[in-house]
Amino acid sequence: MSLLDQNKKDTPIRYLTPLDIEVKKPRKKFDRIKRWGVRPDYKDPDFLMQFLNEQGKILPRRITGLSLKHQRRVAREIKRARHLALLPFVTDLLK
Amino acid sequence: MKNQYETVFILTPVLSESQVKEAVDRIRNYILDNGGEIVWEEDWGLKKLAYPIQHKKNGFYHLIEFKYEPDKIDRFDLELKRDEKVIRHLIVKLDKHAIAWNEKRRKRMQQKAESPEGEKEEQKNENA
């Protein structure tokens, strides 16, 4: 038992405040398009709004939880809506 | 064989009510004259643009769903480009799923139109 181990055992590390790392339970993401049977459409931008972040950028798949096919379809509709000025290209505090 | 298309175009807000109607009629007649057939039309009226186009903050939106010959569609696209009143337009070809979806959307809008009170009551007691 080297000296180092010796005193490590004797003096337990006491934190000033109890260390409680709350483990963020990853909520089960689901494919909203499949679940609600909605077809993304550039004509109703409010539905597409939920796939944009505050700056108006398209959220990645790992956040939207969509399947590859639906993510691409949503992205295409968002780009069409942007072309028609129904959705902004860049904004702040979109929500 | 005619394909089904859907076009949404924005007219500059500077126009008066009659000019807007006349511009839309001109486009509609262009479709009808060239062997097109209009399936559905929607007028979204004056809406605020998400970003200024040609320094204008809002515009008249209009949607036309129509059947048209595929080889004449880019001529129609050119027509919209040439029209100065139209500041932005988009023509989309509809496949059968999109056509079915549009019909469903129309039914839903009609139901909403027929029972506006039903809708409001639901919302009221939802948040009540």
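Below you will find a few notes about this structure. Treat the numbers as computed from the prediction; the structure is a model and nothing was measured.

1. As for the overall build of chain B
Okay, so step 1: Of the regular secondary structure elements, chain B holds four helices and four strands.
Okay, so step 2: Secondary structure elements in chain B, listed N-terminal to C-terminal, are β-α-β-β-α-β-α-α.
Okay, so step 3: Taking as baseline every contact in chain B between residues at least 6 positions apart, the subset at least 24 positions apart corresponds to 72%.
Okay, so step 4: As displayed, chain B has an accessible area near 7,700 Å², and 53% of this comes from carbon and sulfur atoms.

2. A closer look at the interface of chain A and chain B
Okay, so step 1: Facing the 15 residues of chain A at the interface are 22 residues of chain B.
Okay, so step 2: Buried surface at the junction of chain A and chain B, both sides included, amounts to about 1,500 Å², of which 64% is carbon and sulfur.
Okay, so step 3: The largest contributions to the chain A side of the interface with chain B come from R39, K43 and L84 of chain A, which together make up 41% of the buried area.
Okay, so step 4: In this structure, R39 of chain A and D95 of chain B form a salt bridge, with 3.9 Å as the shortest nitrogen-oxygen distance.
Okay, so step 5: Looking at the side of chain A that touches chain B, its residues break down into eight nonpolar, two polar and five charged.

3. Things to note about the pairing of strand β1 (residues 3–11) of chain B
All names here are of chain B.
Okay, so step 1: Burial analysis of β1 places nine of its nine residues in the buried class, the great majority of the element.
Okay, so step 2: Strand direction decides the pairing type here: β1 and strand β3 (residues 56–68), joined by nine bridges, are antiparallel. Pairing of T7 across the sheet is with I64, part of β3.
Okay, so step 3: Bridge count for β1 against strand β4 (residues 86–93) is seven bridges, and the pairing is antiparallel.

4. Details of the sheet that holds β4 of chain B
Residues and elements named next belong to chain B.
Okay, so step 1: Sheet architecture is open: four strands sit in the order β2-β3-β1-β4, paired in antiparallel fashion. In this open sheet, the two strands that pair with only one neighbour each are β2 (37–53) and β4. Strand-to-strand, the axes of this sheet are offset by a mean angle of 20 degrees, without reference to chain direction.
Okay, so step 2: Pairing of β2 with β3, which is carried by eleven bridges, proceeds in the antiparallel orientation. Paired with I38 across the strands is F66, a residue of β3.

The rules behind these values
- Residues numbered from 1 in each chain as written.
- Chains lettered and ligands numbered in written order.
- Predicted model: local features only at pLDDT ≥ 70, side-chain atom pairs only at ≥ 80, totals over all residues.
- Heavy atoms only, no water.
- Helix = DSSP H or I, 4+ residues; strand = E, 2+ residues; numbered from the N terminus.
- Contact = heavy atoms within 4.5 Å.
- Areas by Shrake-Rupley, 256 points an atom, 1.4 Å probe, with all protein chains shown as cover.
- Buried area = accessible area lost by both parts, 1.4 Å probe.
- Salt bridge = Lys/Arg side-chain N within 4 Å of Asp/Glu carboxyl O.
- Nonpolar A, V, L, I, M, F, W, Y, C, P; charged D, E, K, R; others polar.
- Buried < 20%, exposed > 50% of the residue type's maximum accessible area, 1.4 Å probe, protein only.
- Pairing = 2+ DSSP bridges.
- Axes fitted to C-alpha atoms, helices over the stretch in contact; angles between N-to-C directions.

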